[in-house]
Amino acid sequence: MARNSKAASAGTPATVVLTKANVPFTAYSYDHDPASGSFGTEAAEAMGVAPERVFKTLLADVDGKLTVAVVPVSGSLDLKALASAVGGKKAAMADPAAAERTTGYVLGGISPLGQRKQLRTVVDESALGFETVFCSGGRRGFEVELAPGDLVRLTAAVTASIGRG
């Protein structure tokens, strides 16, 4: 696993956003196993980090509007809580093709940072309990570690209890 190397941190829209904002971050890359059943669990294991500190980026359709949900890989997304967090009534997981097209990232590598289009974003409030958290750096096998406050600020997110398990 490469840690904070120039090669590892170069070239994704997420790292460009972090660099331009002068936000301290650490980049981690690892060899992604295409047979892995869970991108997030794989990332936590590869980095030797508690899964509660590694966050996955999911897209949901809330009342017809795509919404980004950032939750720990150790659990799942509570769709009702997500809808409530953004003042919506009903949420369902977004169509994978729409998620890729709108964010500019591929599934398993969707970062909440540097998406093609700014979407409403909700970060699970559990992130605020850690000094740093991990999220996708914009491709499979690539994670960034940053302060949760920076993640919330750069994504213009609200925080709410949207994760379960």
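In case you missed it, the structure is sitting above this.
Residues numbered from 1 in each chain as written. Predicted model: local features only at pLDDT ≥ 70, side-chain atom pairs only at ≥ 80, totals over all residues. Heavy atoms only, no water.

Enquirer: I'm lost on the pattern of salt bridges in this one. Help?
Expert: Where charged atoms from two side chains of opposite charge approach closely, those side chains can pair. The full count for this structure, using the stated rule, is two salt bridges. In this structure, the salt-bridge partner of arginine 53 is glutamate 145, at a minimum N-O distance of 3.3 Å. Here glutamate 145 lies in strand 9 (residues 142-146) and arginine 53 lies in the loop between helix 3 (39-47) and strand 3 (55-62), a separation of 92 residues in the sequence. Across the salt bridge formed by arginine 153 and aspartate 150, the nearest N and O atoms sit 3.1 Å from each other. You can see arginine 153 and its partner aspartate 150 sitting in helix 6 (residues 148-155), three residues apart, about one turn around the helix. You can call aspartate 150 buried: its relative accessible area is 16%. (Salt bridge = Lys/Arg side-chain N within 4 Å of Asp/Glu carboxyl O. Helix = DSSP H or I, 4+ residues; strand = E, 2+ residues; numbered from the N terminus. Buried < 20%, exposed > 50% of the residue type's maximum accessible area, 1.4 Å probe, protein only.)

Enquirer: What am I meant to see in the sheet that holds strand 4 (residues 65-72) here?
Expert: The sheet built from five strands is open, its strands ordered 6-3-4-7-10 with mixed pairing. Both outer strands of the open sheet, strand 6 (91-93) and strand 10 (158-160), are each paired with one neighbouring strand and no more. Strand-to-strand, the axes of this sheet are offset by a mean angle of 35°, without reference to chain direction. By the bridge criterion, three bridges tie strand 3 to strand 6 in an arrangement that is antiparallel. Note on strand 6: the bridge partner recorded for aspartate 61 is alanine 92. (Pairing = 2+ DSSP bridges. Axes fitted to C-alpha atoms, helices over the stretch in contact; angles between N-to-C directions.)

Enquirer: Got a minute to help me understand the nonpolar core in this structure?
Expert: Judged by nonpolar contacts, the single largest core of 25 residues is most densely connected at Leu18, Leu59, Leu113, Val123, Val144, Leu146 and Leu151. Among the elements of the structure, helix 2 (13-20), strand 3, strand 4, strand 8 (133-139), strand 9 and helix 6 are those that each provide at least two residues to this core. Element by element, the count of residues in this core is highest for strand 9, at three residues. Apart from the residues within four sequence positions on either side, leucine 18 is in contact with Val23, Phe25, Leu113, Val144, Leu146 and Leu154. In terms of nonpolar packing, the next biggest core, distinct from the first, is built from twelve residues, Ala60, Leu77, Val122 and Ala160 among them. (Core = buried A, V, L, I, M, F, W, Y, C linked by side-chain atoms within 4.5 Å. Contact = heavy atoms within 4.5 Å.)

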